[in-house]
Amino acid sequence: MPFLFHRLRFHFLAEAPVHFAPGKSGNMLRGAFGSVFRQIACVPHCPGATRCELRETCAYARIFEPAAGGTGPSGLADPPRPFVFRASHLDGKTIAAGERFHFDVHLFDVAREASLADFIRTFAQLGCEGMGPGRAKAALSSVEQLDAAGRPVLRIFEGRSIPRPAEIQPLSLPLEPLPEAPRRIAVRFLTPTELKSGQQLAARPEFGILLSRIRDRVSTLSALYGAGPLEIDFAAFGQRAGEVRMTGCDLQPISVTRRSSKTGQRHALGGFTGIAEYEGELAAFIPFLVAAQFTGVGRQTTWGKGEIGTELVGLAQP
């Protein structure tokens, strides 16, 4: 079964200077998106609700505050949100008035045809209301669908109506084991990453821990929002991943915090970045590593943490 998702690029024209704080661009977008999306999608269905429980009828609840009542899949208290932002290239930048900027959204809710329209309407309204410190206004100029290599394949929105959902096909990533695969791979952790092992954060991204977290995230997103549950042996997958050796590790700790607008409390956004190298039987795992480049892995992936890239090393052994 393939993994399905939409890869979208939102283009804006700044009408006033827009500032993105270092390490916080994705979090800023998440907070602004949630605030406007709740006004557009949730209030008509459940006015005054602090946490909308009408998951099937309220788009805000389904997308931004999905709840499972403590019985979520893979041991999760709540299901993952069906999207991630890719905006780290904006970290620490100020976009001058009259300049253009963009960020990407990976949307995993392919089962609900209205999700694309929800995101476009929300970001169009968000641009009108303003974003970042000072609520700087920025006009949504266009939205493109990208392929897996990041090339534009379809202009979805350009100040006009959105195409019919049937015209917008999601990307499809195969998850079957490769017929041939290198025995060595390097994984780059591009944005701060935190991986849980048991009830604690892992000190190093051992391959078994990394692939187990990727497996859980990809399978949960597919089951809840995509083509359905993955038909894999979870225990055997984790056991085989644990047999792949880490041969090198060069990580740097990153410390970033955010302040909650609701509670005033500060929350960590940090983790590690860097590179880790692995060696072993990789044929079953490379497709999941490819999928994880789009889903992210670990904690707080919604606003861009846990972004990875992979580099294959060497050739398949006879």
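In what follows, the structure referred to is the one given above.
Residues numbered from 1 in each chain as written. Predicted model: local features only at pLDDT ≥ 70, side-chain atom pairs only at ≥ 80, totals over all residues. Heavy atoms only, no water.

Participant: Sorry, what's going on with the packing of aromatic side chains here?
Facilitator: Aromatic ring pairs are defined here through the distance separating the ring centres and the angle between the ring planes. All chains considered together, the criterion is met by 29 aromatic pairs. Both rings, one in Phe37 and one in Tyr60, keep their centres 6.0 Å apart while their planes meet at 50 degrees; by these two values the pair is tilted. Separated by 23 residues along the polypeptide, Phe37 in helix 1 (residues 25-42) and Tyr60 in helix 2 (residues 59-63) bring together distant segments of the chain. A relative accessible area of 0% places Phe37 in the buried class. Ring plane angle 75 degrees and centroid distance 5.5 Å describe the contact between Phe207 and Phe285, whose orientation is recorded as edge-to-face. (Phe/Tyr/Trp six-rings, centres within 6.5 Å; stacked < 30°, edge-to-face > 60°. Helix = DSSP H or I, 4+ residues; strand = E, 2+ residues; numbered from the N terminus. Buried < 20%, exposed > 50% of the residue type's maximum accessible area, 1.4 Å probe, protein only.)

Participant: Hey, could you run me through the packing of helix 4 (residues 207-225) against helix 5 (residues 234-241) in this one?
Facilitator: The description of two helices packed together rests on the angle between their axes and the distance between the axes. It is the contact of helix 4 with helix 5, at a shortest axis distance of 8 Å, that shows an interaxial angle of 150 degrees. The angle between helix 4 and helix 5 falls in the class roughly antiparallel. The two elements helix 4 and helix 5 cross, and the hand of that crossing is right-handed. Across the interface between the two elements, Phe207, Gly208, Leu211, Ser212, Arg215, Asp216 and Ser219 from helix 4 touch Phe234, Phe237, Gly238 and Ala241 from helix 5. The class makeup of the residues in the contact of helix 4 with helix 5 is five nonpolar, four polar and two charged. (Axes fitted to C-alpha atoms, helices over the stretch in contact; angles between N-to-C directions. Parallel < 35°, antiparallel > 145°, perpendicular 65-115°, else oblique. Left-handed = near helix turned anticlockwise from the far one by under 90°. Contact = heavy atoms within 4.5 Å. Nonpolar A, V, L, I, M, F, W, Y, C, P; charged D, E, K, R; others polar.)

Participant: Sorry, what's going on with unusual backbone geometry here?
Facilitator: What is expected of a backbone is that most residues other than glycine have negative phi and most peptide bonds are trans. In this model, Arg135 sits at a positive phi of 50 degrees, which is unusual for a non-glycine residue. Tracing the chain through its elements places Arg135 in the loop between helix 3 (115-129) and strand 6 (138-146). The backbone of Gln300 shows a phi angle near 55 degrees, a positive value even though the residue is not glycine. In this fold, Gln300 is placed in the loop between helix 6 (286-295) and strand 16 (308-313).

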